[in-house]
Every structure is written in structure tokens, then in C-alpha cells.
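# A closer look at the structure
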Amino acid sequence: MPNTIPLPRLTFHTQSHTLGNQQDPRVNTSSIGRPCPECGSSRHTTACEEEHFRVLRCADCSLVFLGNPPDETGLYDEYHGGPGPDPTAYTADSHVPELRELHAINLQRCAWIRSTSEGKSLLDIGCGRGFFVKSAQREGFLAQGIDVAGAAIRYANERLNAPAGQETIDAVAAQGRTYDIITMWHVLEHLARPRDALQTARSLLAPGGMLYLEVPNWNSLKFVLTGRRWEGGNHPRFHRTFFTPATLSRCLTSAGYAYVTRARISYAVPGRGDAYRLIKRALNEIGRDAFLDFSARA
Ligand SMILES: [Zn+2]
């Protein structure tokens, strides 16, 4: 859901793309910023910066990540702050455009899962206010969600009547439960150590279970053209890791997943014409669409 927190203005270093060159003077090995959460390297270039936030690009594996992530305490209650939309407006023909669009997208996510998995039990990690859980339930999945934000979980339970709990992924793992399907819609980019979360999620999957996820695409044409203002790809307070098709694929593989697949999904969105979808599909084909959709098997 859109949030109302003003975006910081970022300064981009567009000439910092050269990678893997020991002699490149732009490669910074100083102690400013943490090591790469994917490969552990301390060699990086600065991709963009604003005030005290620095987005770094690993010189060894190319992962883009926030070098100095802020404390998360209370962050996601702020993210999901406010009363939230009218839950009865979450329908296919809703008068609220954002909910009508989200409803359509979530149905297509369910169709994607059904076309590639026969599983029924589903855990939505980072479920927010629970809209996907609600759709998955209606579509016949045994769905439940978890999120760290108490405000979002209260909305899910009390207003949307969606089964969700305020839990961490580690707490669920400690309970020894397993699921056929795990979904993470726009979650991974919020994490400072995404591979750790992917490994824990894998431990929650039954043998042959499937993970489905979506993140903003650092390589998207929209981001390249309007990056400084596009919240989907760049929001240092909330987004800590920024993926390309290659770095997300690597992250999933190194977390132990098999059959890592980038899905060529171009959601049909009500109110937008076929031309819109065709352009999205073309961008998707070349890895330049706004979002990346991946599936992987445990
Ligand atoms: Zn790295």
C-alpha cells in the first residue's frame, strides 16, 4: 500500500558501474558501510547517497544494498500507520482504484501459484494488512500471514478478517511448522540480510515446496528514468536491498533453492489498456519491468 512518508532526495552516481576492477579508484574499501550481505566483500562503489544514507554496490557480486541501515524499531508500525482503507472495498469492482488494482493483482498471483504448484498450505511472509491472504483464502488455499507490524496485523484480523499473526519468520521456524507454499510480496527489499530470511523461509517449506516473491527491479526502465522520485525502487529508510534479475537469482541460489525461475508476469490491471500491458510485457522480457517476480523450489 502507498505510504505517505515523504521520500528523501537522492544523489545518483551514474558513473559508478564498473565492477570487479581492483584498480578502479571508485571502489571504496573503507570502513564506511557494512560488508556485502550476500558475499561478505568490503569492496564497493557508492550507487547513490542522501544525507547519512549510502546505497552501495558490491564490487564483487554487484548486489546493491543500504550501507548503513537504520534501526527498525517501530519502523513498520509507522509504515502501516493510519486507519487503512475500508476493508469492504477490497473487491473486483471497488470504487477505490488502489484496492481494485491490488485485488486484480492478487488474483493473478494466485493463478500463477496454482499453475506451478499443487500445494494448499500457504504462508504469506510480510503480509501487511492481509489482502493477499484474504485473496488466497478465497481462491482455496489454506492461507495465513505473518508480519512484524502490529498495526497491520490488527487491521488484517479485526477489519479484513484475514488470518494473520504478529510474528517473525524465526519464531515460526522455531515452532517447526512447514508449508507447501511461501509468498513474499515486496518483502525482501526491506531486509538488511535477505539471504538469511530466504534460508529460514526454505526451512519452513515442505519437501518440494515452492517460494514465490516479488521485489522492485533496480534495473527497471522506470527506475533508471525517474529513479530519484520512484518510491518502488529507492527508499533508504525502508528499502535496504535493491535487486537486479542477476543478483536476485544469485541470492536465491546461494540460499539453497533449486529451479530458480524469473516469471514473465505482466499483471492485467483494470482501467489500463492492452497497450499498457504489451509495453510491460516487452519490458519484462528484457528484464526492465518495474518489478521482478521469481519462483524457486526448496
Ligand atoms: Zn557482494
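Up top you'll find the structure we're talking about.
Described below are features of the structure shown in this document.

Reading the values: the criteria
Residues numbered from 1 in each chain as written. Predicted model: local features only at pLDDT ≥ 70, side-chain atom pairs only at ≥ 80, totals over all residues. Helix = DSSP H or I, 4+ residues; strand = E, 2+ residues; numbered from the N terminus. Buried ≥ 20, exposed ≤ 12 C-beta atoms within 10 Å, placed from the backbone. Contact = placed C-beta atoms within 7 Å. Pairing = 2+ DSSP bridges. Right-handed = clockwise from strand over helix to strand, strands pointing away. Axes fitted to C-alpha atoms, helices over the stretch in contact; angles between N-to-C directions. Arc of directions from axis to C-beta. Expected span 1.5 Å × (residues − 1).

### Focus: the overall build of the protein chain
Helix and strand counts for the protein chain come out as nine helices and 12 strands. Residue burial in the protein chain is summarised as follows: out of 298 residues, 38% are buried. At a minimum sequence separation of 6, the contacts of the protein chain that also span at least 24 residues come to 65%.

### Some points on the pairing of strand E5 (residues 121-125)
Most of E5 is tucked away, with four of its five residues classed as buried. Alignment of E5 against strand E6 (residues 142-147), held across five bridges, turns out to be parallel. If you follow isoleucine 125 over to E6, its bridge partner there is isoleucine 146. The handedness of the E5 to E6 crossover, carried by helix H3 (residues 131-138), is right-handed. Judged from the three bridges that link them, E5 and strand E8 (residues 179-185) form a sheet pairing that is parallel.

### Re the sheet that holds E5
Across the sheet, seven strands lie side by side as E7-E6-E5-E8-E9-E12-E11; this open sheet has mixed pairing. The sheet is open, and its two borders are formed by strand E7 (164-166) and strand E11 (258-263), each paired with just one other strand. Ignoring strand direction, the axes of neighbouring strands in this sheet form an average angle of 20 degrees. In the sheet, E8 pairs with strand E9 (residues 205-216) via six bridges, with the strands oriented parallel.

### What to know about helix H8 (residues 245-254)
In an α-helix, one full turn covers 3.6 residues, which means residues spaced three or four apart are oriented alike. Taken together, the buried positions of H8 are occupied by Thr247, Leu248, Cys251 and Leu252. The buried side chains of H8 occupy one side of the element, clustering within an arc of 135 degrees when seen end-on. On its buried face, H8 sits against helix H6 (194-203), E9, E11 and strand E12 (291-297). Directly after H8, the chain includes glycine 256, whose backbone phi takes a positive value near 100 degrees.

### Brief notes about helix H2 (residues 97-116)
Here H2 contains 20 residues, and its C-alpha end-to-end distance of 29 Å stays within 8% of the 28 Å for a straight helix at 1.5 Å per residue. Where H2 is concerned, the buried positions are Leu99, Leu102, His103, Ile105, Asn106, Arg109, Cys110 and Ile113. Tucked into the core, H2 has its buried residues touching H3, E8 and E9.

### Side note on unusual backbone geometry
The phi torsion at asparagine 161 lies on the positive side, around 60 degrees, for a residue other than glycine. Relative to the assigned elements, asparagine 161 resides in the loop between helix H4 (150-159) and E7. For tyrosine 259, which is not glycine, the phi torsion reads 50 degrees and is therefore positive. As for its placement among the helices and strands, tyrosine 259 is situated in strand E11. A tally of 11 C-beta atoms within 10 Å means that tyrosine 259 is categorised as exposed.

### Re the pairing of E12
Extensive coverage of E12 is indicated by the burial of six of its seven residues. Both E11 and E12 contribute to a ladder of four bridges, which runs antiparallel. Directly across from alanine 258, in E12, lies its bridge partner arginine 297.

Interpretation note: all reported values are geometric properties and have no functional meaning in isolation.
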